[in-house]
Amino acid sequence: MWNYTEKVMDHFLNPRNVGDIEKPDGEATVGNISCGDALKLSFKLDSNGKIAEVKFKTFGCGSAIASSSILTEMVKGKTLEDAEKITNKDIVDALGGLPEEKIHCSVMGMEALQAAIANYRGVEYVQDEDDHHGRVVCHCFGVTDSKIRKLAKDNNIKSVEGITNYCKAGGACGRCKNDIKEILDGIWKSEVNSEKSDSSSSMTFTQKVIKIQSVIDGEIRPMLERDGGNIEFIDLKGDIVVVKLKGRCAMCPSASVTLRNSVEGKLKEIVSPDLKVEELK
Amino acid sequence: MNNKIVYVDNNATTAVDPEVFEAMKPFLTQFYGNPSSIHYFGGQVAAHIAKGREQIASLLGAEPSEITFTSCGTESDSSAILSALNTCPTRRKIVTSKVEHPAVLNLCKQLRNKGYIVSEAPVDKLGRIDLNIIKELIDTDTALVSIMWANNETGNIYPVEKIAEIAHEKGAIFHTDAVQSVGKIPINLKNTQIDLLSISGHKLHAPKGIGILYVKKGMRFYPFMIGGHQENGRRAGTENVASIVAIGKAAELAGKHMAFENSEVKELRDYLESQILKKVKNSRVNGDIENRVPNTTNIAFDMIEGEAILLLLDKAGICASSGSACTTGSLEPSHVLRAMGVPYTSAHGSLRLSLSRYNTKEEMDYIIETLIPIIAKLRAISPYWKE
């Protein structure tokens, strides 16, 4: 049983501002039904550019409905500039707290608000500026590495469970947990000391080969196998990693993109930023 | 009825029957001796353990010597599975199903890490297991087949007697988790080839903390709990006398109420289910309607989420459960509903109502009249619901 605060129960039992707005100034839906929660938020501005009317519809559990409801109260009367400053933490605080496992409900609120504001401005909603370079880490919930990095930095999250509580990544099949851990290690270790590149250049040739092989076996191959592909590590010439793409990857027209983004990106991130990848045809 | 609790979560746990409580009470107060003691004060208790064993055996159509008392259903499952593997050390395969209870599934997962090859038989849309698939999965390297008798979420009954025969054809041992079927449907183990069977007391109107493991006569058995000589060396640890007396009495009562369970309780369940299906559109039953235990219904409601339903029911004093992800803190809906391929649009919004002989028609009407506006309210909030 969840230990919901009175505030959460109040907003769940008596949700405020439920519904749709007929001709909204801004509107967005985030989440989806297979993930277990979704929120549609719409608003109308008054002549001073302040939010005059705001409505929501939520598919989800008690805390998802409560987070959406309280968010509508928080943004009413605010300018968009003020509204977009609201973070998921503000939503949690306004509710008097949420169970750790339910923090993602407040994140959904924040995202819906930002997406609705982006919709008003006529721009595409992106979670942060480099999101289109983002690589999908959690395939169950479609969470990218850039989103994980942003959440980790904004909320000082250091554990994989923390990430799961905030954005669900790693919470279903669990295959990406190692991946998330490495992303977190990357953030927090590089903050303590930026010796990462030093350590890679101080690796011996054999150490480097072993490390590359383990990254290919443990990280890259499972990723490619999900799409019916495969990869073989052939040689290391200086900083050039020679690989052979197999299975579906070998025939794939976007293989060079895969090679650049996924394979090279991963090796640069974990082994050494100097590495380059070449395909043996 | 506002201050009253309407309890329809009997697959989670049941109320201790007052007769059961009366039977066990003296063994917590007056007769607290250790049955292994040499003095009469302790020793006299042993006769009551023997009686409990007979009562269980009689409900199962087994012999008292085939009954071992454990602490819970999970201990029975673990004991059975590990003993079976010890019995056939050269065989490396385990066959189970995708819809087992975590007590079996998670142990098998761990055994997989230890080198066992575990196959989980799939189920169809109604949650049924295809015997031909079971036949294909079992071979002469299979040490153990473990398939539940009835499923806790849907109530589906599995053809365990037939599966036991298939397992024996290949020399494999057969175990069944019968936690959800004992007391709900008649069982006569004498006529079956089932080797090992697990029961939990608290699903049967006995208290929590007592379980049963049935071990067919002639089966070799390797104990899970090691220590004293209790339970004929099969389960060390001082006997939980009061609870053994309780589960014995509960078994006797289950036998007595068996016909009621399969007539009155079943009728109540069917009434509740048909009224909900009739009055709530886009709702359907998860499971095999033709082949279920009489007390369970699992209903999916499109486009809403189960935890929200439960919270609102709870406000009205109704205790039920759901296969929704959010109720457990996990992020995926129940493994049983997913194995059945229940679409996400309704898997998150499933509701399990499990009755007992204490429920009344009046309560069913109260549930129906409470549930209908709850579903309507949540659908009005849902962005996916279109009238």
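Our structure's up above, just so we're on the same page.
Reading guide: rules and limits
Residues numbered from 1 in each chain as written. Chains lettered and ligands numbered in written order. Predicted model: local features only at pLDDT ≥ 70, side-chain atom pairs only at ≥ 80, totals over all residues. Heavy atoms only, no water. Helix = DSSP H or I, 4+ residues; strand = E, 2+ residues; numbered from the N terminus. Polar contact = N/O pair within 3.5 Å; in protein donor to acceptor, adjacent residues only side chain to side chain. Core = buried A, V, L, I, M, F, W, Y, C linked by side-chain atoms within 4.5 Å. Buried < 20%, exposed > 50% of the residue type's maximum accessible area, 1.4 Å probe, protein only. Contact = heavy atoms within 4.5 Å. Buried area = accessible area lost by both parts, 1.4 Å probe. Salt bridge = Lys/Arg side-chain N within 4 Å of Asp/Glu carboxyl O. Axes fitted to C-alpha atoms, helices over the stretch in contact; angles between N-to-C directions. Parallel < 35°, antiparallel > 145°, perpendicular 65-115°, else oblique. Nonpolar A, V, L, I, M, F, W, Y, C, P; charged D, E, K, R; others polar. Pairing = 2+ DSSP bridges. Phe/Tyr/Trp six-rings, centres within 6.5 Å; stacked < 30°, edge-to-face > 60°. Lys NZ or Arg CZ within 6 Å of the ring centre and 35° of its normal.

What follows deals with the side chain of E307(B). Residue position: E307(B) is located in helix α9 (residues 306-315). Within the structure, E307(B) has its side chain in polar contact with the side chain of W2(A) (distance 3.0 Å).

Moving on, we come to the nonpolar core. One finds F12(A), F301(B) and I309(B) to be the most contacted residues of the largest nonpolar core, which totals 91 residues. In this structure, I309(B) is in contact with F301(B), I304(B), G349(B), L351(B), L371(B), I374(B), I375(B) and L378(B), ignoring residues within four places of it in sequence. Counting 63 residues, the second-largest nonpolar core is a separate cluster that includes A62(B), V160(B), I163(B) and I212(B).

Contacts between the two partners involve 33 residues from chain A and, on the opposite side, 24 residues from chain B. Roughly 2,200 Å² is buried in total at the junction of chain A and chain B, and carbon and sulfur atoms are behind 72% of that figure. Connecting chain A to chain B are 1 salt bridge. One salt bridge connects K102(A) with E307(B), and the closest N-O pair in it is separated by 2.7 Å.

A separate point is the packing of helix α5 (residues 103-121) of chain A against helix α7 (residues 160-167) of chain A. All names here are of chain A. Two numbers describe how α5 lies on α7: the axes approach to 5 Å, and their chain directions differ by 50°. Overall, the two elements α5 and α7 adopt an arrangement that is oblique. Residues I103, H104 and V107 of α5 form the contact with α7, whose own contacting residues are N165, Y166 and C167. Of the residues assigned to the contact of α5 with α7, the class counts are 4 nonpolar, 2 polar and no charged.

All names here are of chain B. Among the 6 residues that make up strand β10 (residues 296-301), 6 are buried, leaving the element largely enclosed by the rest of the structure. Side chains T296, N298 and A300 project from β10 onto one buried face, and the interleaved T297, I299 and F301 project onto a second face that is buried too. In this structure, strand β9 (residues 283-285) lies alongside β10, joined through 3 bridges in antiparallel fashion. If you follow S283 over to β10, its bridge partner there is F301.

This next bit is on the side chain of S42(A). Residue and element names in this part refer to chain A. Tracing the backbone shows S42 in strand β2 (residues 37-45). Residue class for S42 comes out buried when judged on its relative accessible area of 1%. Here S42 is in contact with D20, I21, P24, G26, E27, E53, V54 and K55, once residues within four sequence places are set aside.

All names here are of chain B. With respect to the helices and strands, the residue E75 is situated in helix α4 (residues 73-87). When its relative accessible area of 7% is taken as the criterion, E75 is described as buried. Between the C-alpha atom of E75 and that of T176, which follows or precedes it by 101 residues, the distance is 13 Å. Beyond its immediate stretch of four places on either side in the chain, E75 contacts T70, F224, M225 and R235.

Glancing now at the environment of I185(B). Residue and element names in this part refer to chain B. When you line up the elements, I185 lands in the loop between β6 (173-177) and β7 (196-200). With 28 residues separating them in the primary sequence, I185 and I157 have C-alpha atoms 9.5 Å apart. Not counting residues within four places of it along the chain, the set of residues in contact with I185 comprises W149, I157, M258, N262, V293 and P294.

All names here are of chain B. Tallied over the entire structure, the rule returns 4 aromatic pairs over all chains. A centroid spacing of 5.7 Å and a plane angle of 40° characterise the contact between F27 and F31, whose relative ring orientation is tilted. Ring geometry for Y32 and F41: centres 5.0 Å apart, planes at 70°, overall edge-to-face. We classify F41 as partly exposed; its relative accessible area is 33%. Between R92 and the ring centre of Y116, over which it is positioned, the NZ or CZ distance is 4.2 Å.

Our next topic: the pattern of salt bridges. Evaluation of the coordinates by the stated rule reveals 39 salt bridges over all chains. A salt bridge links E269(A) to R149(A), with the shortest nitrogen-to-oxygen separation between them at 3.7 Å. Linking E269(A) in helix α12 (residues 255-270) with R149(A) in helix α6 (residues 145-155), this pair joins segments that are 120 residues apart in sequence. Accessibility expressed as a relative area gives 21% for E269(A), which makes it partly exposed. R269(B) serves as the salt-bridge partner of D270(B), at 2.8 Å between the closest nitrogen and oxygen. Classification of D270(B) by relative accessible area gives partly exposed; the value is 28%. Taking the relative accessible area as the measure of exposure, R269(B) reaches 2% and is therefore buried. Several salt bridges share partner residues, and in doing so they unite D10(A), R16(A) and E73(A) into one network.

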